[in-house]
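Coordinate analysis (summary)
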Amino acid sequence: MGNSTDISWLFEQNKAWADKVKQSDPDFFANLADQQTPELLWIGCADSRVPANQITGLPPGEVFVHRNIANVVVHSDLNCLSVIQYAVEVLKVKHIVICGHYGCGGVAASLEEQSHGLIDNWLEHIRNVYRLHAQELDAISDKPELVSRLCELNVVEQTHNVCNTTIVKEAWARDQELAVHGIVYSIQNGILKDLLVRHGPST
Ligand code: CO
């Protein structure tokens with residue numbers, strides 16, 4: 001990848017990609033430049049192994065994305081709320097997907113005793129999820145299994161957080177078509193698992 005300050009490889013990668021896209025569809029970029037009409041807002045983990053478009057096979061323009069450590073939706077996080085507001089009120093997405101992933105480093109770190117510095121404040125949101133489900137989680141002695149289950153429960157709790165935003169509540173109050181889903185991705189086999197958590201105006 002060249003010397004340490006050189007990112008020419010990045011531009012080479014980009015050029016090769018753009019050429020390939022243009023080859024299969026010469027109008028691709030011209031069409032996309034006019035507008036975006038994604039039906040899906042994806043809230044996922046910042047982990048480099050969980051890129052929304054690639055793991056769903058969706059091209060640019062098909063998914064609006066927000067990612068942070070451990071796919072957490074916090075009611076005081078203006079960044080995340082602004083994304084949700086734009087997606088719901090302007091783009092009028094029909095689905096909001098919270099996507100966690102097994103083996104999430106953020107989730108695993110929340111279970112550790114040791115200090116990680118500033119990020120511990122963020123991970124506290126996941127520790128709150130643990131407290132809500134302590135009865136079930138305390139009974140799991142296998143560490144990887146515990147992390148996996150907390151990854152799932154974290155997704156479930158974040159779907160509730162999405163539903164409880166003023167943005168989603170107001171959308172449902174005006175009968176806007178909008179569903180909230182919880183899914184988990186396996187880094188080991190590339191497959192998305194539907195946690196069958198669904199929220200809509202009446203659920
Ligand atoms: Co993660």
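Let me sum up the structure you'll find in this document.

In this section: the coordination of the cobalt ion. The expected angle between donors at a tetrahedral four-coordinate metal is 109.5 degrees. At an octahedral six-coordinate metal it is 90 or 180 degrees. At the metal site, the cobalt ion is ligated by C45 (SG), H101 (NE2) and C104 (SG), and these contacts range over 2.0 to 2.3 Å. For the cobalt ion, the donor residues sit on a single chain with the sequence spacing C-x55-H-x2-C. Note on H101: relative accessible area 1%, which makes it buried.

For helix 4 (residues 78-90), built from 13 residues, the straight-helix expectation of 18 Å at 1.5 Å per residue is met to within 8% by its first-to-last C-alpha distance of 17 Å. Where helix 4 is concerned, the buried positions are C80, L81, V83, I84, A87 and V88. Seen from one end, helix 4 has its buried residues packed into an arc of 160 degrees, which puts them on one side. Where the residues of helix 4 are buried, they touch strand 1 (40-45), strand 2 (63-68), strand 3 (95-101) and helix 9 (166-173). One side-chain oxygen of the residue at the start of helix 4 lies 3.1 Å from the amide nitrogen of N79, identifying that residue as D77.

Further remarks concern unusual backbone geometry. The residue A70 is not glycine, and still its phi comes out positive at about 70 degrees. Topologically, A70 is positioned in the loop between strand 2 and helix 4. Unlike most non-glycine residues, L196 shows phi in positive territory, near 60 degrees.

Our focus in this paragraph is the nonpolar core. Ranked by internal contacts, the top residues of the largest apolar core, which has 27 residues, are L41, I43, I84, I96, V162 and L178. Sorting the residues of this core by element identifies strand 1, helix 4, strand 3, helix 8 (143-163), helix 9, strand 4 (179-185) and strand 5 (192-199) as the ones contributing at least two each. Considering each element in turn, this core owes the most residues, six residues, to helix 4. Setting aside chain neighbours within four positions, we find L41 in contact with F64, V65, H66, V83, I84, A87, V93, H95, I96 and V97.

With that settled, consider the packing of aromatic side chains. Going through the model one piece at a time under the given rule, you end up with three aromatic pairs. Taken together, a centroid distance of 5.6 Å and an interplanar angle of 70 degrees make the contact between W17 and F29 edge-to-face. Highlighted residues: W17 in helix 1 (residues 8-24) and F29 in helix 2 (residues 28-34), separated in sequence by 12 residues. Taking 5.2 Å as the distance between ring centres and 90 degrees as the angle between the ring planes, the aromatic pair formed by F28 and F29 counts as edge-to-face. Classification of F29 as partly exposed rests on a relative accessible area of 31%. One aromatic cluster is present, formed by W17, F28 and F29 through successive ring pairs.

Calculation criteria
Residues numbered from 1 in each chain as written. Predicted model: local features only at pLDDT ≥ 70, side-chain atom pairs only at ≥ 80, totals over all residues. Heavy atoms only, no water. Donors = N, O, S within 2.8 Å, 3.2 Å for Na, K, Ca; no water. Buried < 20%, exposed > 50% of the residue type's maximum accessible area, 1.4 Å probe, protein only. Helix = DSSP H or I, 4+ residues; strand = E, 2+ residues; numbered from the N terminus. Expected span 1.5 Å × (residues − 1). Arc of directions from axis to C-beta. Contact = heavy atoms within 4.5 Å. Polar contact = N/O pair within 3.5 Å; in protein donor to acceptor, adjacent residues only side chain to side chain. Core = buried A, V, L, I, M, F, W, Y, C linked by side-chain atoms within 4.5 Å. Phe/Tyr/Trp six-rings, centres within 6.5 Å; stacked < 30°, edge-to-face > 60°.

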